Amino acid sequence: MAISVDSSVLVVGGGVFGTSTAYHLASRGYKSVTVIDRFDAPSKDSAGCDLNKVIRADYPNPLYAQLGQEAMKEWKDPNSMFAGLYRESGWIMSGHDMTRDWLESSRKLSEKLGRKGVRYMSADEIKQQWPAFTGDFPGWTNLYQPAAGWVPAGQALLRMANAARKQGVKYIFGDAGYAKKLVYDANGTCTGVVTADGTTHKADVVVLASGANTGTLVEAKEEIVAKSSAIMVIKLEPHEIEKYQNIPIIDDFEQAIIFPPDENGLIKLCSCRNITNFKNKSLPGSSITHSLGDYPYDGCPKEIEDEIRIFLREMIPELADRPLYHSKLCWDGIASDLNFRVCPFPRTKNLFIGTVGSNHGFKFLPVIGKYVANMLEGKLGQEYLDLWKWKYGKVPEDHKDPHPWPDRDLSALSGWAERHTPGRKELPWTWSRL
């Protein structure tokens, strides 16, 4: 169908893709853009509703590298809505037996593209440059990328949602925004969404930006698998913050990620060993979100906490036994080839997909909505149409997953149920209302 600024657009999901899409559509003059989500912005079920996320443009795929450079300009622009959020801490990618080849391919590409400062670093070099690291880094191979950093993700997501509202985007949340099923006419054309309160929201165009929950609305079992990166948060004492505030991000592709402390002295640790949720209660056999709305007290499984503490002990042993301040399960929709899905849904008319961050989508928050809007308008370049098309679960023969640790299902892990109170005000996933 032809889409114009007079078309009504319903965006299902207020996370990274949905927020960016709504903002960019409104910026183009679309007069009727509505975002529905179970939670107000920043939606606590969004993978982007987090303490922090890595920001980089270092991709082996030139299309993502180009997209990353475009986003990086926005993150760094002192006049953008994101001004002051980006911290260029540097980023160390670390690998072991399963990922050393991936590191070397990344180094070669950086050399080919003339990226400055990218180099291997020994444990002694790391400890000399950042004395806060006191561990032995046993068996680690480390590749340093100085032109990377992080942003406080929940703050960034909220800023863009508020900017979208100022441009006229309508947000509906609570049961009235909790999408339960799609509505079709007699010809099989999608005409809207029914939400948990029984309301039918109709629109000329429906865009699913529903991330890890997409499989509850369309048949997507072979294409999108909800996976979680378990997050642990520890808190420094006030006198400790200065010691650690200038450390780089360390991203061990086989273990976990550590971020520098934020302004509250909170250090986020994020497992790189994915969790699935196939044995859920609502759609068994499909891995979908284990929602904070349904399970507000659940957190990091004990097995993964133990693994993250080993990771810490190998880097900063004095923090390895620090009490847990909080933890959560951060779910994202993952495609088998780790690419986004920005395309018409192939099994019905008038339904579009703009989602599947595959654990690397957040960094593109400032710009990804432009590409979704281009797709809706029939203006998306062929190279991106090919990259982001619906692939029915097919994976290229040369595909390499930088996080190859075997998945484990939540049902096979222990200690995660009812670990916590729901969280404290410093944590972005406590900000959104039902």
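Refer to the structure above for everything that follows.
Residues numbered from 1 in each chain as written. Predicted model: local features only at pLDDT ≥ 70, side-chain atom pairs only at ≥ 80, totals over all residues. Heavy atoms only, no water.

Colleague: What is the right way to look at the packing of helix H1 (residues 16-27) against helix H8 (residues 368-376) in this model?
Modeller: In helix packing, the relevant descriptors are the interaxial angle and the interaxial distance, both defined with respect to the helix axes. Where H1 meets H8, the closest approach of the two axes is 7 Å, and the angle between their N-to-C directions is 65 degrees. On the basis of the axis angle, H1 is roughly perpendicular to H8. When the axes of H1 and H8 are compared, the crossing they make is right-handed. Of the residues in H8, those in contact with Val16, Phe17, Ser20, Thr21, His24 and Leu25 of H1 are Ile368, Gly369, Lys370, Val372, Ala373 and Leu376. Classifying every residue of the contact of H1 with H8 gives seven nonpolar, four polar and one charged. (Axes fitted to C-alpha atoms, helices over the stretch in contact; angles between N-to-C directions. Helix = DSSP H or I, 4+ residues; strand = E, 2+ residues; numbered from the N terminus. Parallel < 35°, antiparallel > 145°, perpendicular 65-115°, else oblique. Left-handed = near helix turned anticlockwise from the far one by under 90°. Contact = heavy atoms within 4.5 Å. Nonpolar A, V, L, I, M, F, W, Y, C, P; charged D, E, K, R; others polar.)

Colleague: Please clarify how the pattern of salt bridges should be interpreted in this entry.
Modeller: For side chains bearing opposite charge, pairing can occur when the charged atoms are close. Overall, the coordinates contain 28 salt bridges when judged by the stated rule. Where aspartate 40 meets arginine 165, a salt bridge forms, and the shortest distance between an N and an O atom there is 2.6 Å. With aspartate 40 in the loop between strand S2 (32-36) and strand S3 (53-55) and arginine 165 in helix H5 (residues 153-166), this residue pair connects regions lying 125 residues apart in the sequence. One connected set of salt bridges, linked through shared partners, spans Glu223, Asp337, Arg341 and Lys391. (Salt bridge = Lys/Arg side-chain N within 4 Å of Asp/Glu carboxyl O.)

Colleague: Honestly, the environment of leucine 269 in this entry has me stumped. Any pointers?
Modeller: Topologically, leucine 269 is positioned in strand S16 (residues 266-271). With 241 residues separating them along the chain, leucine 269 and arginine 28 place their C-alpha atoms 38 Å apart. What leucine 269 contacts, discounting residues up to four positions off in sequence, is Ala230, Ile231, Met232, Ile234, Ile257, Ile258, Ile308, Phe311 and Leu312.

Colleague: Help me out: how do you make sense of the sheet that holds strand S12 (residues 205-208) in this one?
Modeller: Consider a sheet: its strands pair through backbone hydrogen bonds, and that pairing is either parallel or antiparallel. With respect to topology, six strands assemble into an open sheet ordered S8-S2-S1-S12-S20-S19, the strand pairing being mixed. Edge positions in the open sheet fall to strand S8 (170-172) and strand S19 (341-344), since each of these has one partner strand only. Across the sheet, the mean angle from the axis of one strand to that of its neighbour is 20 degrees, orientation sign disregarded. Pairing geometry for S19 and strand S20 (residues 351-355), over four bridges, is antiparallel. Bridge pairing in S20 links valine 342 to glycine 354. Of the strands in this sheet, S12, S19 and S20 touch H8, which is tilted by about 15 degrees from S19. (Pairing = 2+ DSSP bridges.)

Colleague: Any chance you could explain unusual backbone geometry here in plain terms?
Modeller: Across the chain, the bulk of peptide bonds are trans and the bulk of non-glycine residues have phi less than zero. Here alanine 41 and proline 42 are connected by a cis peptide whose omega angle stands at -5 degrees. With respect to the secondary-structure elements, proline 42 resides in the loop between S2 and S3. With a phi close to 70 degrees, asparagine 350 is a non-glycine residue in the positive phi region. Along the chain, the position of asparagine 350 falls in the loop between S19 and S20. Positive phi values are uncommon outside glycine, yet asparagine 359 reaches one of about 65 degrees. Looking at where asparagine 359 falls in the secondary structure, it is placed in the loop between S20 and H8. The class of asparagine 359 is partly exposed, set by a relative accessible area of 39%. (Buried < 20%, exposed > 50% of the residue type's maximum accessible area, 1.4 Å probe, protein only.)

Colleague: Looking at this structure, I do not really get the sheet that holds strand S9 (residues 179-184). What am I missing?
Modeller: Taken together, the three strands give an open sheet; going across it, the order is S9-S10-S11, and neighbouring strands pair in antiparallel fashion. The strands lining the two open edges of the sheet, one partner per strand, are S9 and strand S11 (200-202). Across the sheet, the mean angle from the axis of one strand to that of its neighbour is 30 degrees, orientation sign disregarded. As judged from the three bridges shared by strand S10 (residues 190-195) and S11, these two strands associate in the antiparallel manner. From the neighbouring strand, valine 193 faces S11, where its bridge partner is histidine 201.

Colleague: Would you explain H1 in this entry?
Modeller: An α-helical turn contains 3.6 residues, so a residue and the one three or four places further along point in the same direction. Compared with the 16 Å implied by 1.5 Å per residue over twelve residues, the 16 Å span of H1 between its first and last C-alpha is a close match. For H1, the buried fraction is high: eleven of the twelve residues fall into the buried class. Of all the positions in H1, only Val16, Phe17, Gly18, Thr19, Ser20, Thr21, Ala22, Tyr23, His24, Leu25 and Ala26 are classed as buried. Phi for glycine 29, located one or two positions after H1, is positive at around 100 degrees. (Expected span 1.5 Å × (residues − 1).)

Colleague: Help me out: how do you make sense of the layout of surface pockets in this one?
Modeller: Where empty space is left in the structure can be found by rolling a water-sized probe over the atoms. By volume, the second largest pocket is sized at about 180 Å³. Along the walls of the second largest pocket sit Ala57, Asp58, Gln69, Met72, Lys76, Glu88, Arg115, Lys116, Gln145 and Ala147, which together make up its complete lining. With three residues, the single largest contributor to the lining of the second largest pocket is helix H2 (residues 62-76). Of the residues contributing to the lining of the second largest pocket, the split by class is three nonpolar, two polar and five charged. (1 Å grid on protein atoms, 1.4 Å probe; cavity = no way out; pocket = protein on both sides within 12 Å on 5 of 7 lines; lining within 4 Å. Points joined across faces, edges and corners; volume = space filled by probe spheres on them.)

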